[in-house]
Amino acid sequence: MNTEKSHELFSRAKLLLPGGVNSPVRAFKSVGGEPFFAARAEGAYIIDVDGNRYIDYIGSWGPMIAGHAHPKVLQAVSDVMKNGLSFGVPNALEVTMAETITRLVPSCEMIRMVNSGTEATLSAIRLARGATGRNKIVKFEGCYHGHGDSFLVKAGSGMLTLGIPDPPGVPKELADLTLTLPFNDFDAAKKLFEEVGKDIAGLIVEPIVGNANCILPKEGYLQYLRNLCTQYGAILIFDEVMTGFRVALGGAQARYGITPDLSTFGKIIGGGMPVGAYGGRRDLMQQIAPSGPIYQAGTLSGNPVAMAAGLATLDLIQAPGFYENLEKRTHQLCDGLENAARDAGVAVTTNRSCAMFGLFFTDKHVDNFTDATQCDIPAFRKFFHGMLKRGVYLAPSAYEAGFLSSMHGDIEINHTIEAAREAFLESAN
Ligand code: KE4
C-alpha cells in the first residue's frame, strides 16, 4: 500500500503539532505505524492522500452516522453559509436545534449548545456542583468524558490507549474530588454512596461505555445508579456524546428507559461540525447564566453553519427504519466477525448496540473494565494492520468502539468479514 504522501505530511506535522496530530488517538501510537492523511470521504468510505480507499468504522469518532459527505448535509451547509458564517447574536437555527433535541430526548426540558463534548460535560458537572453546593463527582474507570480536568482520573479513550495514568496538570486537590467506580459493580456503587453520598454533586456515566472499547450495562445497573442518585440527592448525568442518537433515536436513555437529570451530547448533533450540548431538568438548566448565576459561555456556540449540518443529520436519522437497519447491520457485522475468528481458531468476542460495537481478543464475555484490559492487545494490533491493508479502517486502539453508518451495506460488511477471515488467520500465526 503506497503511503508516501501521508508519510511526507506526517513528517511535516510532527515538527509543529504534538505527536503530529490534533488529537492523540489519531496518532496510531498504540497500534504502531503512521496514520494516513485523509483527502476526502464519501458514504462509508474514507480516501487517503495516496488514493487508498478504506471502509471507515470510525466515522470521525461518531458524527458521521448518515455517512460521509451526505448530499443533504452538504446542501444544508452550503445554503446557510452563503448568509454568513457566524453572527454572535442569536439565530433561528439555534431555536430549531433546541426544539429538535428536546423533542427527541424528553428528559431535556432545556438545552444549551456548546462547541464540543468536553465543553458539554464540564458545563454539566459545574451545573451539578453549583445546583447542589457539593463538590465531589463520581465517574467510572475507563469512561471518558472529554479532557476537562475533573474527568482525567482513570479515564478511557486516548488516556487508556496511551497508558497515561492520572496526568500531570491536574491539581491533586481537584483530582481528589473525582471519585471513581468500576462499571457494572452494584456493590461498589452502593458502598460509595453509603460512605459519601451526601457530598456527591453528580455522577457522570457513559450509559454504554464506548471509551474502554464497548461495554454494555448489566441488566438493571443504570436504574440502580438512578435510584442511588435520587436517594442521596446527587445529579445523574448521562454522557451521551457518543451514544446520543446512535444507539436509538432518543439515545441510550430511551433504549434503557432511564431518565437522567442532565444529559450531554456531541458528535452526531453536529453532523461533522464542532458542536456539543448539555440539557435536562428545567429547574437545573435555568440556573445557567444569564437566567441564573452558574456561568458558561462560548463565542461560536449555536453557530449557524454547525447548526445546519447538525439539523440536516438529525433530519436524516428520523427516517422510518433508520435504526432498525443499523441494528440489523451491526449484528450482521459482529456475527460475521465472530464466525470468521472462530473458523481461524482465534478467540474473539464482540459487544454490540445499534450502530456501535466492540471487538475483544478474548474468549470471555466482556462486561467490565478489567476484562477489557486483559484482552490480547498484540493480537489486536496485528489484526488492525491486517484489516487496514485490506481496505478496512478500524479504530487504531483496542480501547475504542467501532461505528456503523446508514451507508454501510452488504457490500461493505461482506468485504469486511472476508478481510477479517484472512486477517484473523494472519494474526493466528
Ligand atoms: P469531544 O470534546 O472530543 O468533542 O468529546 C469528548 C467526549 C465526551 N464524552 C464521550 C462519551 C466521548 O466519547 C467523547 C469523545 N470521544 C473520543 C472518542 N472515543 C473522541 C476522539 C478523540 O479524542 O479524538
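Residues numbered from 1 in each chain as written. Predicted model: local features only at pLDDT ≥ 70, side-chain atom pairs only at ≥ 80, totals over all residues. Heavy atoms only, no water.

**So, the domain arrangement of the protein chain**
Often, the extent of an interface is quoted as the loss of accessible area on bringing the components together. With domains assigned, the protein chain is organised as domain 1 (4-65 + 321-428) and domain 2 (71-316). A straight line from the C-alpha centre of domain 1 to that of domain 2 covers 25 Å. Contact with domain 1, which involves 34 residues of that partner, is made by 32 residues of domain 2. When domain 1 packs against domain 2, close to 2700 Å² is buried across both sides, 62% of that on carbon and sulfur atoms. In terms of surface lost to domain 2, no three residues of domain 1 exceed Met 356, Phe 369 and Tyr 399, which account for 23% of the buried area on that side. For the pair domain 1 and domain 2, the number of links is one salt bridge. One salt bridge in this structure joins Arg 255 and Glu 327, with 3.0 Å as the shortest N-O distance. At the surface where domain 1 touches domain 2, the tally comes to 15 residue pairs in polar contact (both at pLDDT 80 or more). Residue assignment for the side of domain 1 that touches domain 2 shows that the elements contributing at least two residues are helix H12 (322-343), strand E11 (349-353), strand E12 (356-360) and helix H13 (369-373). At five residues, the largest contribution of residues to the side of domain 1 that touches domain 2 is made by E12. (Domains from an automatic or database assignment. Contact = heavy atoms within 4.5 Å. Buried area = accessible area lost by both parts, 1.4 Å probe. Salt bridge = Lys/Arg side-chain N within 4 Å of Asp/Glu carboxyl O. Polar contact = N/O pair within 3.5 Å; in protein donor to acceptor, adjacent residues only side chain to side chain. Helix = DSSP H or I, 4+ residues; strand = E, 2+ residues; numbered from the N terminus.)

**Regarding the sheet that holds strand E14 (residues 402-403)**
Sheet architecture is open: three strands sit in the order E11-E12-E14, paired in antiparallel fashion. In the strand order of this sheet, the two ends are held by E11 and E14, each with one partner. Bridge count between E12 and E14: two bridges; the pairing is antiparallel. Across the sheet, Met 356 pairs through a bridge with Phe 403, a residue of E14. Contacts from H12 reach E11 and E12 within the one sheet, and its direction differs from that of E11 by about 175°. (Pairing = 2+ DSSP bridges. Axes fitted to C-alpha atoms, helices over the stretch in contact; angles between N-to-C directions.)

**What about the site of the ligand?**
Close contacts around the ligand come from 17 residues, with Ser 23, Thr 118, Asn 211, Asp 239 and Glu 400 the closest. Separating an oxygen atom of the ligand from a backbone N or O atom of Gly 117 is a distance of 3.0 Å. In this structure, a nitrogen atom belonging to the ligand sits 3.4 Å away from a side-chain N or O atom of Ser 157. Coverage of the ligand by the protein chains reaches 87% of its 540 Å² of free accessible surface. A domain-level breakdown of the shell around the ligand finds at least three residues from each of domain 1 (4-65 + 321-428) and domain 2 (71-316). (Near = heavy atom within 4 Å. Areas by Shrake-Rupley, 256 points an atom, 1.4 Å probe, with all protein chains shown as cover.)

**Observations concerning the pattern of salt bridges**
Per the stated rule, a full pass over the model turns up 22 salt bridges. A salt bridge links Lys 190 to Glu 194, with the nearest nitrogen and oxygen atoms 2.7 Å apart. Here the residue Lys 190 and the residue Glu 194 both occupy positions in helix H7 (residues 186-196), the gap between them amounting to four residues, near one helical turn. Classification of Glu 194 by relative accessible area gives partly exposed; the value is 48%. Across the pair Asp 283 and Arg 281 runs a salt bridge whose closest N-O atoms are separated by 2.6 Å. Owing to a relative accessible area of 41%, Asp 283 belongs among the partly exposed residues under this scheme. Through salt bridges with shared partners, a single network forms among Arg 226, Asp 261, Arg 281 and Asp 283. (Buried < 20%, exposed > 50% of the residue type's maximum accessible area, 1.4 Å probe, protein only.)

**Considering the side chain of Glu 400**
One can find Glu 400 in the loop between strand E13 (392-393) and E14. No salt bridge is formed by the buried Glu 400. Its closest oppositely charged neighbour is Lys 267, at 7.1 Å. Separated by 2.8 Å, the side chains of Glu 400 and Ser 157 make a polar contact. Apart from residues lying up to four places away in sequence, Glu 400 is in contact with Val 25, Trp 61, Ser 157, Gly 158, Thr 161, Gly 210, Asn 211, Asn 213 and Ala 395. (Lys, Arg positive; Asp, Glu negative; His and termini not counted.)

**Considering the packing of H7 against helix H8 (residues 221-232)**
Remark: H7 packs on H8, axes separated minimally by 11 Å, with the N-to-C direction vectors making an angle of 5°. Put simply, H7 runs roughly parallel to H8. Contact residues: Phe 186, Ala 189, Lys 190, Phe 193 and Glu 194 in H7; Tyr 221, Tyr 224, Leu 225, Leu 228, Cys 229 and Tyr 232 in H8. Class assignment for the residues of the contact of H7 with H8 results in nine nonpolar, no polar and two charged. (Parallel < 35°, antiparallel > 145°, perpendicular 65-115°, else oblique. Nonpolar A, V, L, I, M, F, W, Y, C, P; charged D, E, K, R; others polar.)

**A short note on the packing of aromatic side chains**
The final tally for this structure, using the stated rule, is 21 aromatic pairs. Ring centres 6.5 Å apart and planes at 55° place the aromatic pair Tyr 54 and Tyr 393 in the tilted group. Placement of the pair is Tyr 54 in strand E3 (residues 53-56) and Tyr 393 in strand E13, with a sequence separation of 339 residues. Here the aromatic cluster, defined as three or more aromatic residues joined through ring pairs, consists of Phe 28, Phe 36, Tyr 54, Phe 361, Phe 380, Phe 383, Phe 384, Tyr 393 and Phe 424. Over the ring of Tyr 45 we find Arg 53; its NZ or CZ atom is 4.1 Å from the centre of that ring. (Phe/Tyr/Trp six-rings, centres within 6.5 Å; stacked < 30°, edge-to-face > 60°. Lys NZ or Arg CZ within 6 Å of the ring centre and 35° of its normal.)

**Side note on the pairing of E3**
Relative to E3, strand E2 (residues 45-48) runs antiparallel, the two sharing three bridges. Across the sheet, the residue bridging to Tyr 45 is Ile 55, located in E3. Counting the residues in the hairpin turn of E2 and E3 gives four residues, including Gly 51, whose phi is positive at 85°.

**Points about the sheet that holds strand E4 (residues 110-114)**
In spatial order, the strands read E4-E10-E9-E8-E7-E5-E6; together these seven strands make up an open sheet with mixed pairing. Looking at which strands have only one partner, the edges of the open sheet turn out to be E4 and strand E6 (178-181). Adjacent strand axes in the sheet meet at a mean angle of 20° when their direction is disregarded. As paired strands, E4 and strand E10 (residues 276-280) are joined by five bridges and run antiparallel to one another. Note that in E10 the partner of Arg 112 across the bridge is Tyr 278. Seen against the sheet, helix H4 (residues 117-132) touches E4, strand E5 (136-140), strand E7 (200-205), strand E8 (235-239), strand E9 (262-265) and E10 and runs at an angle of roughly 165° to E9.

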